[in-house]
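Structural description and commentary
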Amino acid sequence: MIEPPPLVAMIHAVPTGARIAQEAFAREFPQATVWNVLDDRLLDDALGAGGLTDALRRRMLRLIAHVLDGGAQGLLLTCSSYGAVVDTARTLWDVPVLKSDEAMFKAALTGPFERIAVVASTPPAVPAAMAQLEALIPAVRADRPVDIVTALAEAAADADSAEATARHLADALGAAGAADADAVLLAQYSLAPARGPLAELLGVPVLDGAGAAVRELRGLLTGGGGRTATAATVAP
């Protein structure tokens, strides 16, 4: 009996992130059936509120419940600002639910890098990335120190090319004192097109999260098989 392709859902806050994640699935996990859900107010509302509110957390949990009730065997949240909601989701459903950049952060922390820079173009992504990195350090890098510096390049959000985005990111990294970093992590999927140009400007590895996340989902869903969701009630 031929197994049906795994159904993987993605919840997006911006169309650019959706496109980049879809490209990663086409490249890394083409056998998956991908279900895209876009709420293009998620990021703006988080920005307007100064971060995640209880109402925004409940809103994301309702979206997660929607796709898992619809049969998704795995889920990727492509908006880094909502990564904290994944911790709650993992206690409610017995399926793989991935944060946008968790796999990338693990790769960076287990790598040879001593000084890591994290750069974003939207303010909520910076504390979200730091929270994930700091939570992972005891589990994956307890035996080695790591220095992490962050930079915010809001001008990069309006750049009209990957090269222009890279220049804004490089300027912000320089201003933040991250010019001597061993590696740079892009804290948003929307910045992924600038990975190559930024690496050329800085001369160090630049990592983005989409490919790493898709590869992890592929391993979880094709290696050990998908799991089924347990019942969970999400507050309205």
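Structure first, text after, so check above.
The structure reproduced in this document is the subject of the present report. From a predicted model like this one, the values you see are computed outputs, not experimental measurements. (Residues numbered from 1 in each chain as written. Predicted model: local features only at pLDDT ≥ 70, side-chain atom pairs only at ≥ 80, totals over all residues. Heavy atoms only, no water.)

Quick look at the sheet that holds strand S5 (residues 115-120) now. Pairing within the open sheet is parallel, and its four strands lie in the order S6-S5-S7-S8. Pairing within the sheet leaves two strands with one partner each, and these edge strands are strand S6 (147-152) and strand S8 (206-207). Note: S5 against S6, six bridges, orientation parallel. Across the sheet, valine 118 pairs through a bridge with threonine 150, a residue of S6. Sheet contacts for helix H6 (residues 125-140): S5 and S6; angle to S6, the most-contacted strand, approximately 165°. (Pairing = 2+ DSSP bridges. Helix = DSSP H or I, 4+ residues; strand = E, 2+ residues; numbered from the N terminus. Contact = heavy atoms within 4.5 Å. Axes fitted to C-alpha atoms, helices over the stretch in contact; angles between N-to-C directions.)

Time to look at the nonpolar core. The biggest cluster of nonpolar side chains holds 26 residues, and the ones touching the most others in it are Ile11, Met60, Ile64, Leu75, Leu77, Tyr82 and Trp93. At eight residues, helix H3 (residues 54-69) tops the list of elements feeding residues into this core. Membership of the second largest hydrophobic core comes to 21 residues, among which are Ile116, Val118, Val126 and Ala183. (Core = buried A, V, L, I, M, F, W, Y, C linked by side-chain atoms within 4.5 Å. Buried < 20%, exposed > 50% of the residue type's maximum accessible area, 1.4 Å probe, protein only.)

Bringing helix H2 (residues 42-49) into the picture now. Of the residues making up H2, those classed as buried are Leu42, Leu43 and Ala46. End-on, the buried residues of H2 take up no more than an arc of 95°, which puts them together on one face. Turning to H2, the residues buried within the fold contact strand S1 (7-12) and H3. (Arc of directions from axis to C-beta.)

Right, let's get into the pattern of salt bridges. A side chain of one charge can pair with a side chain of the opposite charge if their charged atoms are brought near each other. As enumerated under the stated definition, the model contains 13 salt bridges in all. In this structure, the salt-bridge partner of glutamate 28 is arginine 27, at a minimum N-O distance of 3.6 Å. On the basis of relative accessibility, which here comes to 17%, the residue glutamate 28 falls in the buried class. Among the ionic pairs, glutamate 102 bridges to arginine 90, the shortest N-O distance being 2.6 Å. Highlighted residues: glutamate 102 in helix H5 (residues 102-110) and arginine 90 in helix H4 (residues 83-92), separated in sequence by twelve residues. (Salt bridge = Lys/Arg side-chain N within 4 Å of Asp/Glu carboxyl O.)

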